[in-house]
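# Structural overview for review
What follows is each chain in one-letter form.
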Protein chains: 4
Amino acid sequence: MVGIAVLGAGRIGKIHAANVAANPSARLIAVADPYASAAQSLAGSLGADAMTDCEAAIDRNDVDAIIIGTPTDTHIQLMMRAVRQGKAVLCEKPIDLDILKSQAAVDEIEGLKGRVMLAFNRRFDTTFAAMKLAIDAGAIGDVRQVIITSRDPGLAPEEYIRHSGGIFRDMTIHDLDLGRWLLGEEPVELIAMGSRLVDAAMLSKYDDYDTAMVQMKTASGTQCHVNNCRHAVYGYDQRVEVFGSKGMLAQDNQRASSLRISNHEFTDAHGPLLNFFLERYQQAYKSELDAFIDALVKEKAMPVTPRDGLRALQLAEGAVESVRSGRAVPV
Amino acid sequence: MVGIAVLGAGRIGKIHAANVAANPSARLIAVADPYASAAQSLAGSLGADAMTDCEAAIDRNDVDAIIIGTPTDTHIQLMMRAVRQGKAVLCEKPIDLDILKSQAAVDEIEGLKGRVMLAFNRRFDTTFAAMKLAIDAGAIGDVRQVIITSRDPGLAPEEYIRHSGGIFRDMTIHDLDLGRWLLGEEPVELIAMGSRLVDAAMLSKYDDYDTAMVQMKTASGTQCHVNNCRHAVYGYDQRVEVFGSKGMLAQDNQRASSLRISNHEFTDAHGPLLNFFLERYQQAYKSELDAFIDALVKEKAMPVTPRDGLRALQLAEGAVESVRSGRAVPV
Amino acid sequence: MVGIAVLGAGRIGKIHAANVAANPSARLIAVADPYASAAQSLAGSLGADAMTDCEAAIDRNDVDAIIIGTPTDTHIQLMMRAVRQGKAVLCEKPIDLDILKSQAAVDEIEGLKGRVMLAFNRRFDTTFAAMKLAIDAGAIGDVRQVIITSRDPGLAPEEYIRHSGGIFRDMTIHDLDLGRWLLGEEPVELIAMGSRLVDAAMLSKYDDYDTAMVQMKTASGTQCHVNNCRHAVYGYDQRVEVFGSKGMLAQDNQRASSLRISNHEFTDAHGPLLNFFLERYQQAYKSELDAFIDALVKEKAMPVTPRDGLRALQLAEGAVESVRSGRAVPV
Amino acid sequence: MVGIAVLGAGRIGKIHAANVAANPSARLIAVADPYASAAQSLAGSLGADAMTDCEAAIDRNDVDAIIIGTPTDTHIQLMMRAVRQGKAVLCEKPIDLDILKSQAAVDEIEGLKGRVMLAFNRRFDTTFAAMKLAIDAGAIGDVRQVIITSRDPGLAPEEYIRHSGGIFRDMTIHDLDLGRWLLGEEPVELIAMGSRLVDAAMLSKYDDYDTAMVQMKTASGTQCHVNNCRHAVYGYDQRVEVFGSKGMLAQDNQRASSLRISNHEFTDAHGPLLNFFLERYQQAYKSELDAFIDALVKEKAMPVTPRDGLRALQLAEGAVESVRSGRAVPV
């Protein structure tokens, strides 16, 4: 039985805590959050201890592993405290918005042989996982192009945008990790474009963008395209297509129901998409947590490593640099 | 070069005449219709002779084959006149609304070894033909069930309904032929239901229905279901599904364009279906005519025989009888 | 907190017990099954008492409601014992294979104002429920035709078939209930066909069928078609289409993933369907249980009544009678 | 009646000649090709004069308009000869592989007010045209991103590649025109990537690529992505998606039939895509020719101008330059 403390009782902490509670090999020991009422509410509903001191939660003897769902600028400190005590960590991305700090942390974790998993949840989505399996099984031969569409249902509030690190580090980073994973080969070159089409006034304040395109290329010449927008009126648009020498894999958006209607205006119109990432990736979050526990219990390698997290951040940095310079950036 | 006269310059005659003109092995000699202006207009546009006397058109020396697109009650007389002269015939369905007269005509045609093809155009639709080929090639093993949906975009005018012979002889008959053809085995039992849901007042006058369901069974137990309605607000709905021991074949409705739209109300909504039979079966009418000419030129057996027409009419009669008696009817 | 005993620790009992355990307003008190090890295994995993005497479980003071998942021929006895004690019941269908016994039980339950819900789980499926809501909201105007396809992935073992009551009482009954519910009006006439196409030798022994079609009609003339087969090589095929005066609602089969592949042989091929009813209706079973608990807690009317169960059985009996007599049967 | 000469009796000339013959406002006067037998065969089948001298065909008094389907390096000379005589021209793309020569030609045509249409056939495809109409009608609000996938079913022969001008000028150019047209605003910046994944040895010889990605941006920040490959094992893949502030438009590949099969391996697998551009854009070629004739007869502006052709070539040049320099290129 793996004893677990969840740090951060916000949106993402709630998901992880519930998934821990439902995992038969794990026990939710504590939920820690400086906002005492948030910690108490979440811990109480799941029969765990509520704490306001995250570091104290890490230090508990009955805690074997921590899940970090706190603000980004606390990630490294909490993660390293746990690693130095030999405790396992599941850390939300990114490691840090500063790439040098991230690099140093990853180097230290690797030196200490720390058991740390980065939470790129999409890799655990049933459909994306099936896609990766099919690619690895040779179903479409050699991968040539990966096309990723990822659009949010609405622009995040200004307060969120301000601290997000920008669209490439906050949003595109998921797609860059997914693309790199599906390519099965390291990107070596990246070019990006950013635009302000949703709310130019607000995004200009932060030198940020709401609409973006990225292209990456690997050493062998395989290519990946990502397109993003912070606002799609028809919902949370998440699609991936992988084209190879022997075929193509694609997948569709997900809906709560497959109901479709035909009338005098249109035919076979479907209902709304699953609203946003919490709904769309509900199963992925659960499978991710289960994979983390499974790796701990069976002493297997972590399915997503800190270096994967660092690499994704480097690609996001490359995108920022490419938009700035108008050049293809080696990554 | 096969010399052809088209009898009847109405909606269906126009289609056949244009297809004859486009067939490199045929020559459109004449268009005959008692409505002189209709005959002239159609014949003129295609460089053929306009005639008002259908019988005279049959008798011409340069006419090798006739296409009958005149009102139903003239079919037998015109067809037999041509057959007795050794001329080939493509005749619109049904042979006649009276089954005894139809039977006598078919017997005589067979006795004379007349070259007559019944115009069940759907058999020549690319998708239905591909379906039949796949079945015959064993793609789904032994056929178990055929499900046919066939709905018109709007109720025909009362004048049409009055002379139609009723929904089963006029509309369902196409599906009964299609079902029989796809089953690949003769139906031996049929049950039907009829309702008046679109315009009860009008249809009651003619003891007719606007909404119907039919089930047929063959000696080996394979089954076929047909559902019809004279009015579907979303357009001309034409779908067939064939279920077998090793799989299932299905096909979708056809649209002018594959464009689909997602917005704040719905996702992936498609545009309208092809409007009605002339558009939906445009290719089928052309392939049907080409198959007729091809059979004549290569002296092959007719791809649809008068007996097929008679058989479809018998099934339609069975449906009428089943609705009347509330019994399964041997057919 | 509603105290619940689950009677029967088989396939269906396991589902209900887990759903009870996950419902915050209910407490799983006991699992009862004459097979002690089955009861112990299930009860143990969920922290409930294991019992071998179903009647004793009903009689417990801490049990407010029972869920009956025992063999069909025990349903009435257990249900009536609970009802007479004023306890609520969620009973798997059918009430009994004997319609007279079922009728007597339903009459007594209604006389006692017993709180009994029949487990027609499909009514709680997200898509079917959305369909019903859309119909009731007038999205497609007046319903004209309901088309239901329901095929099992494989023939049940002979031992199951022997005690099933036949395809109409065991399998079609779900579709008859669904059809009646979606029509929104009572069927008054029914005709059915049965065939033996999967395993004629075995089914003949029990005067049963493996392939069936049913048509029903209501007083106003709306129609419903059901087609069934005990074996579809491509999986558990569950589709419904509702056609109305202002449009059509349809829904697709469900799959574990939306992945599709295109290669040199075919394009956009999807993966397998959800395997069978436990997977396909997993959410429906949960929603059904939640609706039962909700009705108890809020003292609302039961969403599916014993009379619904009786009515479905009458329709199934009508199908048996129609196949026997070759007649439309008033129901 | 517009008298027309088709120059070039190859693959594309055959299509245009047949479409001219079918247009009621045009008359096919002559087919000219230095290969006498090709000219004779095509002209003979359509009742036109066969000529071997293209210039003589242009000069004929009964020729009002010419259609140029000859090798690219003859386009300008033939086009200018016709324009200087006041004759109309439908010219296959590109104007020339040399951008300076193209520019000079376009300038002269505009100075002479020549009636010249560039044959970007995809703009006349039913679905793309419906897409453009919907955009212009505001169906999806302001365009934000256009995503174009265009893959050939097989690598062209080396002889073709050698004279093609490279993937960007030969293949991508269609997508660049389509993207520019759908964006509804001039691209100002372009970045491209090229890879050799299909046949590196052969393409290296010509400093060419077989797999490419392009991104373009307009002054207002709207974006367009194009992905290309010379070889897709599953067929001719032609898809476009347009994402806007109020919705998204998409369209699917086209197939000869909508037949789909489900079996023990997969479900709802569709058949092959329409094989290649001649089949896929058959309707588009016809509509393009009809639009050309219509513009002549009604003295309307040409629907696609020489400047459109020059602009597409400039974008293709930009892609070549971007791949060479690794920079975003102003265009």
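Throughout, residues of each chain are indexed from 1 in the direction in which the sequence is written. Each chain is given a letter, starting from A, and each ligand a number, starting from 1, according to the order in which they appear as written. At least 70 in pLDDT is required for a residue's local features to be given in this predicted model, at least 80 for side-chain atom pairs to be given and counted, and no such filter applies to totals for whole chains, interfaces and linings, which use all residues.

### A short note on the domain arrangement of chain A
All names here are of chain A. Marked domain ranges trace back to an automatic or database domain assignment. Each assigned domain of chain A is listed here: domain 1 (2–118) and domain 2 (122–330). The C-alpha centroid of domain 2 is placed 25 Å from the C-alpha centroid of domain 1. Note on conventions: DSSP H or I runs of at least 4 residues are helices, E runs of at least 2 residues are strands, and numbering of each starts at the N terminus. Every element with two or more residues in the side of domain 1 that touches domain 2 is listed here: α1 (11–22), β5 (88–91), α5 (99–111) and β6 (116–118). In the scheme used here, Gly and all other residues not listed as nonpolar or charged are polar, with Ala, Val, Leu, Ile, Met, Phe, Trp, Tyr, Cys and Pro taken as nonpolar and Asp, Glu, Lys and Arg as charged. Considered class by class, the residues forming the side of domain 1 that touches domain 2 number 16 nonpolar, 6 polar and 3 charged.

### Topic: the relation of the copies chain D and chain A
The copies were overlaid with a least-squares fit restricted to C-alpha atoms from residues scoring a pLDDT of at least 70 in each copy. Between chain D and chain A, which share one sequence, the superposing operator has a rotation angle of 180° and an axial displacement of 0.0 Å; the RMSD is 0.0 Å. Overall, the copies show the geometry of a two-fold rotation axis. Closest to the rotation axis within chain D is the C-alpha of R327 of chain D, separated from it by 2.1 Å. The contact rule is simple: place each C-beta atom from the backbone, and if two of them lie within 7 Å, those residues are in contact. Taken as a fraction of all interface residues of chain D, those also at the interface in chain A reach 100%, which identifies the copy contact as same-surface.

### With respect to the packing of helix α6 (residues 126–136) of chain A against helix α8 (residues 167–183) of chain A
Residue and element names in this part refer to chain A. Axes, fitted as lines to C-alpha atoms, cover a helix only where it is in contact. Angles between the N-to-C directions of the axes lie from 0 to 180 degrees. Where α6 contacts α8, the axes come no closer than 9 Å and their chain directions differ by 25°. Classified by the interaxial angle, the pair formed by α6 and α8 is roughly parallel. For the pair α6 and α8, contact is made by F128, M131, K132 and I135 and by L178, W181 and L182, respectively. Among the residues forming the contact of α6 with α8, the class breakdown is 6 nonpolar, no polar and 1 charged. Should an angle fall under 35 degrees it is called roughly parallel, over 145 degrees roughly antiparallel, and 65 to 115 degrees roughly perpendicular, with every other angle called oblique.

### Focus: the relation of the copies chain B and chain C
Superposition record for chain B on chain C: RMSD 0.0 Å, screw rotation 180°, translation along axis 0.0 Å. Here 96% of the contact residues of chain B are again contact residues in chain C; the copies associate through an equivalent surface.

### A short note on the environment of V198 of chain C
All names here are of chain C. Among the secondary structure elements, V198 is positioned in the loop between β8 (187–195) and α9 (200–205). Using C-beta atoms placed from the backbone, we call a residue buried if 20 or more other C-beta atoms fall within 10 Å of its own, exposed if 12 or fewer do, and partly exposed for counts in between. Owing to 19 C-beta atoms within 10 Å, V198 belongs among the partly exposed residues under this scheme. C-alpha separation for the pair V198 and R230, spaced 32 residues apart in sequence, amounts to 7.5 Å. With near-sequence residues (within four places) excluded, V198 lies in contact with L155, D210, T211, R230 and H231.

### Things to note about the interface of chain B and chain C
Chain B puts 28 residues into the contact, and the matching count from chain C is 27 residues. Every element with two or more residues in the side of chain B that touches chain C is listed here: β7 (143–151), β8 (187–195), β9 (211–218), β10 (223–229) and β12 (247–250) of chain B. Tallied by class, residues from the side of chain B that touches chain C come to 11 nonpolar, 12 polar and 5 charged.

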